[in-house]
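If you want the building blocks of each chain, they are given just below.
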Amino acid sequence: MIVVMKPGCTQEHVDRVVKLIREMGLRDHIIVGTERTVIAAIGDKRSVDKSAIEHAPFVDRIVPILAPYKVASREVKKEPSLVPLDGMGAVIGGSRIGVIAGPCSVESRQQLFEVAHAVREAGAIGLRGGAFKPRTNPYSFQGLGEKGLELLALAREQTGLAVVTEVMGVEQVELVARYADVLQIGTRNMHNFNLLQRVGQTDKTVLLKRGWSATLEEFLLAAEYIINEGNHNVILCERGIRTHETYVRNTLALGIIPAVKRESHLPIIVDPSHGTGHSYMVAPMSRAAIAAGADGLIIEVHPDPEHALTDGAQSITPEAFARLMDELRRVAQAIGREL
Ligand code: PEP
Ligand code: MN
């Protein structure tokens with residue numbers, strides 16, 4: 001951190017800041033320029049609130065140098081992480097791109113099994129499907145609950161696909177972890193720090209969706225909550241953010257992919273379904289995500305989107321998914337990756 005002093009500060013003002021820096025257990029280094037004096041605070045003390053120094057007289061501003069995240073950052077681990085989806089060999093990260101696909105919600109045995117077989121056939125490595133749904137409207141379909149989890153586990157038995165499903169509350173973690181391979185934290189829960197810590201105490205991989213108003217820094221700090229509990233298997237997911245736009249459900253911020261790659265060793269996948277809200281946009285944005293360096297995708301696929309109980313508008317058919325996978329293979333190949 002650098003403390004920038006205002007013009008006209010005296011030795012007394014500098015001494016006061018130096019005293020505060022030392023009280024925080026940090027070392028100081030004073031640089032007197034022709035116009036300004038700046039004081040560098042040296043040492044890694046992320047737990048102290050250094051911004052309080054702003055109160056000292058003649059302090060202009062505090063400029064942080066270290067990123068506030070640590071275990072999720074490249075500073076701590078240089079090589080990109082490969083994160084297993086299950087114990088069966090499905091992995092996100094590395095040169096191979098991984099695609100997770102399935103319905104928004106588990107609706108019935110017939111619906112889930114049809115999609116599961118189709119997406120596996122097309123090359124998906126994970127099966128998504130919500131059993132507990134975080135609905136904005138309390139009168140909307142809330143999911144099948146444990147019955148949905150049972151169906152997901154049966155679909156895994158039949159297809160070998162890793163099961164990815166959302167957990168909405170601390171009290172649900174044990175139940176969902178009994179059935180799922182990957183615990184999904186939804187956008188609405190990215191700031192639920194108790195839930196992040198609780199999934200960090202499990203041995204299940206966590207798919208962490210970006211909060212729809214979260215900054216990159218807040219997103220990585222959320223991952224940090226999980227990793228700090230001992231669970232290093234975290235996959236980030238960009239699913240679009242809230243903007244003023246109305247022609248999309250969310251604005252898919254693909255720029256976060258290179259930014260995450262620069263800042264973190266964690267893999268990042270993209271959700272073009274929630275990230276756009278419209279089925280016609282799913283294929284182009286999937287291609288763009290892979291071209292931009294995403295490690296995978298999570299896509300909503302429904303055998304009969306017109307009759308889907310949730311998110312029908314953004315769901316693609318199994319046939320469209322198979323065509324998309326062929327296109328994605330070519331995009332992957334063009335950038336030296338495989339799918
Ligand atoms: C979902 O993936 O089913 C979901 C609800 O996504 P999000 O949390 O990104 O809205
Ligand atoms: Mn959905």
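Thresholds applied
Residues numbered from 1 in each chain as written. Chains lettered and ligands numbered in written order. Predicted model: local features only at pLDDT ≥ 70, side-chain atom pairs only at ≥ 80, totals over all residues. Heavy atoms only, no water. Buried < 20%, exposed > 50% of the residue type's maximum accessible area, 1.4 Å probe, protein only. Helix = DSSP H or I, 4+ residues; strand = E, 2+ residues; numbered from the N terminus. Pairing = 2+ DSSP bridges. Right-handed = clockwise from strand over helix to strand, strands pointing away. Donors = N, O, S within 2.8 Å, 3.2 Å for Na, K, Ca; no water. Axes fitted to C-alpha atoms, helices over the stretch in contact; angles between N-to-C directions. Contact = heavy atoms within 4.5 Å. Core = buried A, V, L, I, M, F, W, Y, C linked by side-chain atoms within 4.5 Å.

Q: Help me understand the pairing of strand E7 (residues 98-102) in this model?
A: Here is the key point about a regular strand: its side chains alternate between the two faces of the sheet. In terms of burial, E7 is a largely internal element, five of the five residues being buried. What you see with E7 is no split at all: Gly-98, Ile-100 and Gly-102 on one side and Val-99 and Ala-101 on the other are buried throughout. Pairing geometry for E7 and strand E14 (residues 296-300), over five bridges, is parallel. For Gly-98, the partnering residue across the bridge sits in E14 and is Gly-296. Across two bridges, E7 lies against strand E8 (residues 126-128) in parallel orientation. Along E8, the bridge assignment pairs Ala-101 with Leu-127. Tracing the backbone out of E7, into helix H2 (residues 109-122) and back to the parallel element E8 gives a crossover that is right-handed.

Q: Looking at this structure, how should I read the coordination of the manganese ion (ligand 2)?
A: For a metal with four tetrahedral donors the ideal donor-metal-donor angle is 109.5 degrees, whereas six octahedral donors ideally subtend 90 or 180 degrees. Only Cys-104 (SG), His-274 (NE2), Glu-300 (OE) and Asp-311 (OD) from the protein reach the manganese ion (ligand 2) as donors, at distances of 2.0 to 2.4 Å. Mapped onto the sequence, the donors of the manganese ion (ligand 2) take the spacing C-x169-H-x25-E-x10-D. Placement of His-274 in the loop between strand E13 (268-270) and helix H8 (279-291) and of Asp-311 in the loop between E14 and helix H9 (318-334) is noted, with a sequence separation of 37 residues between them. On the accessibility criterion, Asp-311 (19% relative accessible area) is buried.

Q: Where do I start with the sheet that holds strand E9 (residues 162-166) in this structure?
A: The parallel closed barrel is built from eight strands, whose spatial order is E7-E8-E9-E10-E11-E12-E13-E14. Averaged over neighbouring strand pairs, the angle between their axes works out to 25° when direction is ignored. As paired strands, E8 and E9 are joined by three bridges and run parallel to one another. Opposite Leu-127, over in E9, you have Val-163 as the bridge partner. Contacts from helix H5 (residues 193-200) reach strand E10 (182-185) and strand E11 (205-209), with the element oriented near 170° to E10.

Q: Is there a simple way to explain the nonpolar core in this structure?
A: Among soluble globular proteins, nonpolar side chains are generally buried collectively. The biggest cluster of nonpolar side chains holds 72 residues, and the ones touching the most others in it are Val-199, Leu-208, Leu-236, Ile-299 and Phe-321. Ranked by the residues each element gives to this core, the list is headed by helix H6 (residues 216-227), at seven residues. Setting aside anything within four residues of it in sequence, one finds Phe-321 in contact with Val-99, Ala-101, Val-119, Ala-122, Ala-124, Ile-299, Val-301 and Ile-316. The next biggest cluster of nonpolar side chains, apart from the first, holds 16 residues, and it includes Ile-39, Ala-41, Ile-53 and Ile-62.

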